[in-house]
Amino acid sequence: MPTIVVDVMPKAELLDPQGKATTGALERLGHGKFENVRIGKRFELTVQGEVTEDVLAEVRKMADEILSNSVIEDVVAISVDGTAVEAR
C-alpha cells in the first residue's frame, strides 16, 4: 500500500518556541554549531489502492484545511513513497 507523507512547518516569519528551546539545549550539550532548529509535523497516510490525481487533490485539501493551521503553518512538502509531488 502506498504511503503519502505530508510535512508541515511553522511559517518562516513566526517564532518557533520549541525550535528555540531545542537550539539552546543543543548548545548546552556541546552541539553549538547548529544555529537554528525549527520543529514541524509529519503525517504519514497509508492509502488503499492507487494514488491518483483525485487522491492527491484530497490530500492537498486535507493538508490545507485539517492537518495544518494556515495562520501559523505552511504545508512544505507532500510525497508519495518517497517521491515528491506538488504540495499546492
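Quick caveat, the model's predicted, so the values are computed rather than measured.

Each value, and the rule that gives it
- Residues numbered from 1 in each chain as written.
- Predicted model: local features only at pLDDT ≥ 70, side-chain atom pairs only at ≥ 80, totals over all residues.
- Heavy atoms only, no water.
- Pairing = 2+ DSSP bridges.
- Helix = DSSP H or I, 4+ residues; strand = E, 2+ residues; numbered from the N terminus.
- Axes fitted to C-alpha atoms, helices over the stretch in contact; angles between N-to-C directions.
- Contact = heavy atoms within 4.5 Å.

Some words on the sheet that holds strand 1 (residues 3–10)
Here's step 1: The four strands are arranged 2-1-3-4 in an open sheet whose pairing can be described as antiparallel. Of all the strands in the sheet, just strand 2 (41–46) and strand 4 (83–85) have a single pairing partner and so form its edges. In this sheet, adjacent strand axes meet at a mean angle of 30° when their direction is disregarded.
Here's step 2: One ladder, built from three bridges, connects strand 3 (residues 73–80) with strand 4; its direction is antiparallel. Bridge assignment links I78 to a residue of strand 4, and that residue is V85.
Here's step 3: The strands that helix 2 (residues 53–67) touches are strand 1, strand 2, strand 3 and strand 4; relative to strand 1, the one it contacts most, it runs at about 30°.

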